[in-house]
Amino acid sequence: MGGEGQRREETWARGGGGGSLLSRDEAATLIQSRVRGWLARVRLALTLRDQFDIKFPSTLDTDEDIAQLTTNLLPALDVYHSARRLFLIFNSEKDKIRFERLCRYIVASLQSESVKLSYVGVFLTKEHSIAWISHIKDVLFKCCQFLEVLKPESPADMQIILLHLHTLVAFTATNTWAITKLKHLEKLRIGMVQLCANIMGALFHKGYYLVLKSLLLRGLCRERVALKNVSLTAIITLSLRPLISSQFSEKLLTMYILQILSVPGLIHYMEIITPECLAVFKSHMLFDKCIEFLSADQNLRMVFNTLEGNQALCLLANLVQLASIDDRANCEIYFPSFVVVVTRFLESCQQLVINKQSHLSSWHPVLGWISQGGGIGAAQARKQLAKLWSGHLLRRLLANPLIRMLDSSPAPSNPNTSSTGTSTNFIRRAIEARTNRSNASKNFRKLGSPECTNIALICSMYQTALSTLTQLKLDILTGLCNQDTILYYLWMFICSLGPNCGLKSFLDLLAINTKTTAPEFQILILFSDCMTHYVTILDDMEMYEQQHPFKLSDFVSMSNFLNLFLYKGVLSNLFDAKSVNGNGLFGSLHALLQVLYRRDCRRSYTPPGHWLARDIRFSVFMADLDRGKKGPHLLIQKMPHIVPHTERVQLFRRNVANEKAVLGLTEQACASPRPTLITIHRRRVVEDGYRQLAALPPHSLKGVIRVRFINEQGLDEAGIDQDGVFKEFLEETIKLVFNPSLDLFRATSESRLYPSPTAALHDSHLQLFEFVGRMLGKAVYEGIVVDVPFASFFLSQVLGQTQQALYSWIDELPSLDTELYRSLTFIKHHQGDVSTLELSFTVDEDRLGNIVTHELVPGGKAIPLTNENKINYIHLMAHFRMHTQIKEQTNAFIKGFRSIINPDWLSLFSTPEVQRLISGDTAPLDLRDLRRHTQYYGGFHDSHRVVAWLWDILHKDFSEEERSMFLKFVTSCSKPPLLGFAHLEPPFSIRCVEVGDDEDTGDTIGSVIRGFFTIRKKDPLNRLPTSSTCFNLLKLPNYQKRSTLRDKLRYAVNSNTGFELS
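Predicted model, so just to flag it, every value in this text is computed and none were measured.

Draft legend 1. Representation of the overall build of the protein within the structure. Per the secondary structure count, the protein includes 46 helices and 14 strands. Scored against the burial criterion, the 1062 residues of the protein give a buried share of 51%. Roughly 49800 Å² of accessible area belongs to the protein as shown, and the carbon and sulfur atoms make up 53% of that amount.

And the structure:
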């Protein structure tokens, strides 16, 4: 037990260089020595703090207290020793206020011209100079440490921040040191400047710029900016001093760019809060030095890789704003250096942009979805970047170079622009053109020339901005389109590149650069993207009446160039058919071409045949399509308008025929499915048709449909065996469902049909719309023309044009409501303050006598109409009226229509052409074609007297309107088939009749013989001609006089007295 007790009294203690086993006494002695040492240090700390407090009492806690002391300063050496003793036991929490007193005092002492009283005077004493330098570095570093934890938003902390900033400012430059003004110390001034440089160098290596950056971020990047003029001026001054002292060394300039210029919105806040600092930037040409540094590719890559994506964007935004406030008239740094730097920065940012959201991505309000997080200051960067495409920076970068080149060059190739010059210039150019045509090519610029390359690089910068700053694309396009007719200058420049806007030059360049990476293509891409946006927002009054700055002749030349360039490029295999959808050049030019083509289809501004490829041979083209050649296939897919309309209709009919053959729906098909038989009561045509056909699969509906009618007495009707009963059912169904009184469809002021917004009152209205779409699709599929005029905006939705990004709803609003269009156009062009109209982002709808208010955007009731948002308002209003109100009905109709008609087939046609496909040709009735394809029954033949009278009356006695009414009388449609009467189904026929329709039992041997020899059975004076529109059949009595036939026919046609079924 004794041994165990002895062992328990032993303990382990660490001594000297290792572990040793100590006895209880030794351990107690060690503990006591440690405690005595700690108590001695505590007493020393208390003594030193008491001594410091006696020398620097709490009465020195404000600048006013210090100011009163300046006449009775302590010897600097005493202050120095007190400060050093304080630093021996310094604790940032306990000694925070003491340190602030010290800072106030030593800063105030600098105003003294006495070497003994000024704190810098300690540096001049030989025995203390080196130690003082180390000490002052320690003081300033402690200021930096405090700056890192203080909160600028707190008024109390802001006072302390200003104190520490003041201390840093005071001891990093000699301009506040009063002793430097003493004559006997003049020789020491250079040494004192070097001392400041030495101090700043030490601070720099301890993270000086990081401290300033942190303070800027906490003070500026907040909802309410905390930094005022004094604080921000101090921070900017402190940030510049090391840079200036080192004469803008590459290392310090790098850190300045990375840490200071990357602070979000810095230049913006400087311009507002402390513009005098921007003057210092200008005096030292900081912008030029930064751009020169970043012009080196390795420097730019290093900066971008060091910064996060958002920080790099904020750096770019600050550089853009620095460029915008530069007021030098001819600053060479802009081009090419600034343009190249901006382009490379944007290309680097583009690497961060991803196509869609994922768990690894984050949303950025400027770039969209990016692979790196963080978007601090993005809203401010958005405003700064906007200066790149607005104001005098845009004029300096793009407009002025274009104007200088156009002023120093001959007239562009576009002949329509010569009207803007004087008559003298016009005559002079005409004479030169006549006498020097062989040298005409010398008047044009060449692609690849220095001036063209300059413009190409500038365009490349803006095009890169469009593709990178995805959330600002609309702002960029609007800025480029609306600023000082820059877009028109760019068009003039393109016109100066050669005949037909440099068509041959661009095609030659494309032949050697099929990947379209040449910078010259950026001119075309940027122009096309901007022009597409410009035409989209251009209303009819601006385009067709005002014509400023673009005239209609400019649009003609433009569309001609685009049409030819894309056509020749595709046909020559210069565009890869597999990757054409991802080709930026093709995509941009094709988008503009489509916008111009759709505008021309709606309201023509081009000469006849303008869009056709004149050298195309349809038979060869179709053969190439059949052989699967990529060029023709791409052309018919992207540019079907280059093929004449008739040939495209033939292609459509051929597609239908091919599908029928594949599905086995032709008469020759061995496995042709049995026809579908439906029974229709005369009183319930739509109901019975919907019940029996709505659930029928599209394959069956595309086949043969047989119809058996039940008359009002409940008996089966017998029809003439000309396979036209289904046509009658189709016509009856369409006539009923499109009747506005049913309220499935409404009519515009021009009697054009569109889905009714209140159609939801019908039971199963969406299924009914789908059924109507299928029936109309069946009519088009079978080539049956029906007289149903649709509003163009509705057909555009059927075609899918409204799904395209650049579709303009306001363009087609006149096809729905001309009054609303005029009102919205008035708002658009109103020169005053539109807020006086007291409108909001709402629209009222009269729904069966009840006013229902719809918000155009969430919270629209609280958003007043202003000059800033009026463009958005008119487009939203048009979108609501033409789409939102009838969205469900339209989608159901489209679903049914496209279940029968392949959407790819529809893409062959424009909106007016689809209307012609449905309702027949708009061309005048061709009587020769109709007569050539007429069949005769009941003894009639082409040389028959009554038949000859008929054609003569139609030709000589009937007006164009009456001829259309005649066609409607016999076929139910006033327009001829698109491909002529050879394609009318069933064929038009004329039958000689002897008796009334109620006694008509068809042709007999006797009736045919009497009709052929014009033997009268009864006098037909009291009978009118009748028709069976389901069979396209005219039933004509055997009249004995031409005048009788003329009068009876005219009366019947004007009375529309057809007989639906014999």
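Read on for the rest.
Draft legend 2. Representation of the packing of aromatic side chains in the model. This structure, assessed with the given rule, holds 41 aromatic pairs. Between F87 and F90, the ring centres sit 5.7 Å apart and the planes meet at 75 degrees, which makes this aromatic pair edge-to-face. Residues F87 and F90 agree in their burial class; the two are buried. Ring centres of Y690 and F771 lie 5.6 Å apart, and the angle between their planes is 80 degrees; this geometry places the pair in the edge-to-face category. Taken together, the positions of Y690 in helix α32 (residues 685-693) and F771 in helix α35 (residues 765-782) put the pair 81 residues apart, joining distant regions of the chain. Accessibility expressed as a relative area gives 25% for Y690, which makes it partly exposed. Given a relative accessible area of 1%, F771 falls into the buried group. Taken together through their ring pairs, the aromatic side chains of F738, F745, F769, F790, F794, F893 and F897 make up a single cluster.

Draft legend 3. The arrangement of the state of the cysteines in detail. Under the criterion given, the structure shown has zero disulfides. With no disulfide partner, C349 has as its closest neighbouring cysteine sulfur the one in C314, 9.7 Å distant. No disulfide involves C495; its sulfur sits 4.0 Å from the nearest other cysteine sulfur, which is in C501.

Draft legend 4. Examining the packing of helix α24 (residues 499-512) against helix α27 (residues 552-571) more closely. Contact pair α24 / α27: the axes reach a minimum separation of 9 Å and the direction vectors enclose 25 degrees. Judged by the inter-axis angle, α24 sits roughly parallel to α27. For α24 against α27, the interelement crossing comes out right-handed. Across the interface between the two elements, N500, C501, L503, F506, L507 and L510 from α24 touch N560, F561, L564, F565, K568 and G569 from α27. Broken down by class, the residue content of the contact of α24 with α27 amounts to eight nonpolar, three polar and one charged.

Draft legend 5. Molecular detail of the sheet that holds strand β12 (residues 989-993). Here four strands make up an open sheet; going across it, the order is β11-β12-β14-β13 and the pairing mixed. Each edge of the open sheet is held by one strand with a lone partner, namely β11 (935-937) and β13 (1026-1028). On average, adjacent strands in this sheet sit at an angle of 25 degrees to one another, irrespective of strand direction. One ladder, built from three bridges, connects β13 with strand β14 (residues 1033-1037); its direction is antiparallel. Note on β14: the bridge partner recorded for T1026 is K1035.

Draft legend 6. Just the pairing of strand β9 (residues 842-847), in detail. Bridge analysis of β9 against strand β10 (residues 850-855) gives six bridges, and the strand direction is antiparallel. Considered in β10, the bridge of D844 is made with T853. Here β9 folds back onto β10 in antiparallel fashion, the turn holding two residues, of which L848 has a positive phi close to 55 degrees.

Draft legend 7. Spatial organisation of the pairing of β12. Most of β12 is tucked away: five of the five residues are buried. Direction of pairing for β11 relative to β12: parallel, over a ladder of three bridges. Counterpart to Y937 in the pairing with β12 is R991. As judged from the five bridges shared by β12 and β14, these two strands associate in the parallel manner. Each bridged residue has a counterpart across the sheet, and for S989 the counterpart in β14 is L1033.

Draft legend 8. How the structure looks around the environment of N872. By the secondary structure assignment, N872 is in helix α38 (residues 870-882). Since its relative accessible area comes to 43%, N872 is described here as partly exposed.

Draft legend 9. Spotlight on the packing of helix α17 (residues 334-350) against helix α19 (residues 391-407). Contact geometry for α17 and α19: axes closest at 11 Å, N-to-C directions at 115 degrees. It follows that α17 is roughly perpendicular to α19 by the angle criterion. Regarding α17 and α19, the two cross each other, and that crossing is left-handed. Packed against α17, whose contacting residues are Y334, F338 and V339, the element α19 presents L393, R396 and L397 at the interface.

Thresholds applied
- Sequence order sets the numbering: in each chain, residues are counted from 1 along the sequence as written.
- Where totals are concerned, whole chains, interfaces and linings use all residues; where local detail is concerned, this predicted model gives features only for residues with pLDDT of at least 70, and gives and counts side-chain atom pairs only at 80 or more.
- Here the side-chain values reflect all heavy atoms present in the structure, with hydrogen atoms and water set aside.
- Where helices and strands are cited, they refer to DSSP runs of H or I of at least four residues and of E of at least two residues respectively, numbered from the N terminus.
- Per-residue accessibility, obtained with a 1.4 Å probe over protein chains only, is compared with the maximum for each type, and a residue is labelled buried under 20%, exposed over 50%, and partly exposed between these values.
- Surface exposure here means Shrake-Rupley accessible area, sampled with a 1.4 Å probe, where a residue is shielded only by the protein chains that are shown.
- Pairs were defined over the aromatic rings of Phe, Tyr and Trp, the Trp ring being its six-membered one, requiring ring centres within 6.5 Å. Orientation was assigned from the angle between planes: stacked under 30 degrees, edge-to-face over 60, tilted for the rest.
- For the purposes of this analysis, a disulfide is any pair of cysteine sulfur atoms at a distance within 2.5 Å.
- Angles shown run from 0 to 180 degrees and are taken between the N-to-C directions of axes, each axis being a line fitted to C-alpha atoms and, for helices, limited to the stretch in contact.
- Orientation is classified from the angle alone, with under 35 degrees giving roughly parallel, over 145 giving roughly antiparallel, 65 to 115 giving roughly perpendicular, and any other angle giving oblique.
- Should the near helix be turned anticlockwise from the far one by less than a right angle, the crossing is termed left-handed; should it be turned clockwise, right-handed.
- In what follows, a contact means two residues having at least one pair of non-hydrogen atoms within 4.5 Å.
- Polarity classes work like this: nonpolar for Ala, Val, Leu, Ile, Met, Phe, Trp, Tyr, Cys and Pro, charged for Asp, Glu, Lys and Arg, and polar for all others, with Gly in that last group.
- Strand pairing follows a simple DSSP-based rule, namely that at least 2 bridges must link the two strands.

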